[in-house]
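Commentary on secondary and tertiary structure
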Amino acid sequence: MDDARALFAEAEELLAHEPVLRALSVDLAWMHAALAHVRGAPVARTSTGRIVQLIVEKYALCALAAFAPVVLAFALRAWWLVFAAPVAFYAVEAQFVFLLPVVADGSTRPWRDAHLRTRTAGGTLRVMATVVPIALFMLVEGLAGRGLVRSWLVGCLAIVLWHERVRVEHGSAA
Amino acid sequence: MNRELHVRHERVAIRARQGARLLYASDLHLGWPWTRCVPNQVLDAVRATRPDALLLGGDLCDGVRSLARLAELVRAARELTHVLAVPGNHDLRLGGERVRDVVTSAGGTWLVEDDHRIGAIVIEGRARKLGPLAVPRSETTRVLCAHRPAIVAAARRARFDVVLAGHLHGGQLVLFERGGRLYPYAWLDRWNGPRFDLDGTTMLVSRGAGDALPLRFRCPREVVLCELAGTSDA
């Protein structure tokens, strides 16, 4: 929770000071700009062709994982299993939370590299312990009238900052 | 809300020879009927403490109509001392640039863009500037005027000596204090306490000068007078 809060605060500060990051795009341009601002150095522009496909595939996997406990709950009449759905969703999300930053960094095997970065960041449980509060902050701050788009941008920036910290602290090979 | 504004005195020893007195006021939440008295109370605190600078630590305005009140406060305070400001989450919702324009046109300094120097003390408004994640500790004493206390993680990496933050309002309801933290809100946010000395970085967290929701229990509204004691003051 503390780590998520620190990332969120840092991301909010960055967003407040860098107006260029407030315009989100559906290609990798925003991610390149965010990485460049976080690093203070230009980032080599990589191909952006597969970005939408990767996002759809990632969230399809997460949704599929969340769907499994719901099906089981119906099949077994064990309704408590429904509560496992968000856990399953975020367990898969945690595997690939760094997918877009690694693509923006030019990875040719983004699924593998994103998963490796999750392991470097402490593994599934530790990553879930940070990514779930970030998602909650995005939701709560957005619904509290502070703007869903702005909260979503802060959340995205928090992931970029986290990715950068893991990359720097553990080496770019991770 | 008409109850008096408490001035909390905190002393922090610094490396610089010459010290400074900074008055940190955050969470004014101007725009509500119950925060109408806050600007005058802050000005009274400035007159009483005579700081080298008044630091406005974010969440200054709730609503467009409160911007004029902020301008009046900055203009009046500017006649007494330097006025430095950063935005909080409420200001960003209103539009950070809008609040910035009000502060700068009234004679204040927007710390997001400009640092402020008092001798060997540099007051900054960004924990994370462009460049490497960690920077060596410099000869100057660096003070971060921030809004969210959680920024202290980045501030420590950036080797700030002092961090001034607000945002939490002390939780507004305090049942007990333990280990320098105010409960029950400290269970939700570990930085809910008045002061944290963290291996080279001291963070002072204000309980806020105003509220969006005027309910408090054993948690007075306050501004923090941070006395940076230089070696010549020892």
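Here is a short report on the structure shown in this document. (Residues numbered from 1 in each chain as written. Chains lettered and ligands numbered in written order. Predicted model: local features only at pLDDT ≥ 70, side-chain atom pairs only at ≥ 80, totals over all residues. Heavy atoms only, no water.)

Details of the side chain of Arg-142 of chain B
All names here are of chain B.
- The residue Arg-142 is located in strand β8 (residues 141-145) in this model.
- Residue classification places Arg-142 among the buried residues on the basis of a relative accessible area of 14%.
- Among the polar contacts listed, one links the side chain of Arg-142 to the side chain of Glu-124, at a separation of 2.8 Å.
- There is a polar contact of 2.5 Å between the side chain of Arg-142 and the backbone oxygen of Ala-158. (Helix = DSSP H or I, 4+ residues; strand = E, 2+ residues; numbered from the N terminus. Buried < 20%, exposed > 50% of the residue type's maximum accessible area, 1.4 Å probe, protein only. Polar contact = N/O pair within 3.5 Å; in protein donor to acceptor, adjacent residues only side chain to side chain.)

Observations regarding the nonpolar core
All names here are of chain A.
- Residues Leu-21, Trp-30, Ile-134, Leu-157 and Trp-162 are the most contacted members of the largest nonpolar core, which totals 47 residues.
- Mapped onto this core, the elements with two or more residues apiece are α1 (2-17), α2 (29-39), α3 (51-76), α4 (84-95), α5 (99-104), α7 (124-146) and α8 (148-170).
- Excluding anything up to four places from it in sequence, Trp-30 contacts Leu-21, Ala-23, Leu-24, Ser-25, Leu-153, Cys-156, Leu-157 and Val-160. (Core = buried A, V, L, I, M, F, W, Y, C linked by side-chain atoms within 4.5 Å. Contact = heavy atoms within 4.5 Å.)

Some remarks on empty space enclosed by the protein
- Going through the model one piece at a time under the given rule, you end up with 1 cavity of 30 Å³ or more.
- Space inside the largest cavity adds up to approximately 180 Å³.
- Along the walls of the largest cavity sit 16 residues, with Glu-12 and Glu-13 of chain A together with Pro-87, His-147 and Arg-148 of chain B positioned nearest its centre.
- If you tally residues by element for the lining of the largest cavity, the top one is α1 of chain A, at 5 residues.
- Its residues assigned to classes, the lining of the largest cavity comprises 9 nonpolar, 4 polar and 3 charged. (1 Å grid on protein atoms, 1.4 Å probe; cavity = no way out; pocket = protein on both sides within 12 Å on 5 of 7 lines; lining within 4 Å. Points joined across faces, edges and corners; volume = space filled by probe spheres on them. Nonpolar A, V, L, I, M, F, W, Y, C, P; charged D, E, K, R; others polar.)

Quick look at the interface of chain B and chain A
- On the side of chain A, 26 residues touch chain B, which itself brings 22 residues to the contact.
- For the pair chain B and chain A, the summed buried surface comes to about 2200 Å²; carbon and sulfur atoms form 50% of the total.
- Here Arg-157 of chain B ties to Glu-10 of chain A by a salt bridge, and the two come within 2.9 Å at their closest N and O atoms.
- Every element with two or more residues in the side of chain B that touches chain A is listed here: α3 (89-94) and α5 (152-157) of chain B.
- Broken down by element, the side of chain B that touches chain A gets its largest block of residues, 4 residues, from α3 of chain B.
- A class-by-class count of the residues in the side of chain B that touches chain A yields 10 nonpolar, 4 polar and 8 charged. (Buried area = accessible area lost by both parts, 1.4 Å probe. Salt bridge = Lys/Arg side-chain N within 4 Å of Asp/Glu carboxyl O.)

Comments concerning the packing of aromatic side chains
- All told, the structure shown has 11 aromatic pairs over all chains when counted by the stated rule.
- Their ring planes at 25° and their centres at 6.4 Å tell us that Tyr-59 of chain A and Phe-89 of chain A sit as a pair that is stacked. With a gap of 30 residues between them, Tyr-59 of chain A in helix α3 and Phe-89 of chain A in helix α4 connect regions that are remote in the sequence.
- Relative accessible area serves as the criterion here: at 37%, Tyr-59 of chain A is assigned to the partly exposed category.
- In this structure Phe-89 of chain A comes out as partly exposed when scored by relative accessible area, which is 21%.
- A ring pair is formed by Trp-191 of chain B and Phe-196 of chain B, whose centres lie 5.1 Å apart and whose planes are at 90°; its orientation type is edge-to-face.
- On the accessibility criterion, Trp-191 of chain B (10% relative accessible area) is buried.
- You can call Phe-196 of chain B buried: its relative accessible area is 6%.
- Among the aromatic residues, ring-to-ring pairing joins Tyr-59, Phe-89 and Tyr-90 of chain A into one connected group.
- When the ring centre of Tyr-183 of chain B is taken as reference, the NZ or CZ atom of Arg-178 of chain B above it lies at 5.4 Å.
- A cation sits over an aromatic face here: Arg-190 of chain B above Trp-191 of chain B, 4.5 Å from the ring centre. (Phe/Tyr/Trp six-rings, centres within 6.5 Å; stacked < 30°, edge-to-face > 60°. Lys NZ or Arg CZ within 6 Å of the ring centre and 35° of its normal.)

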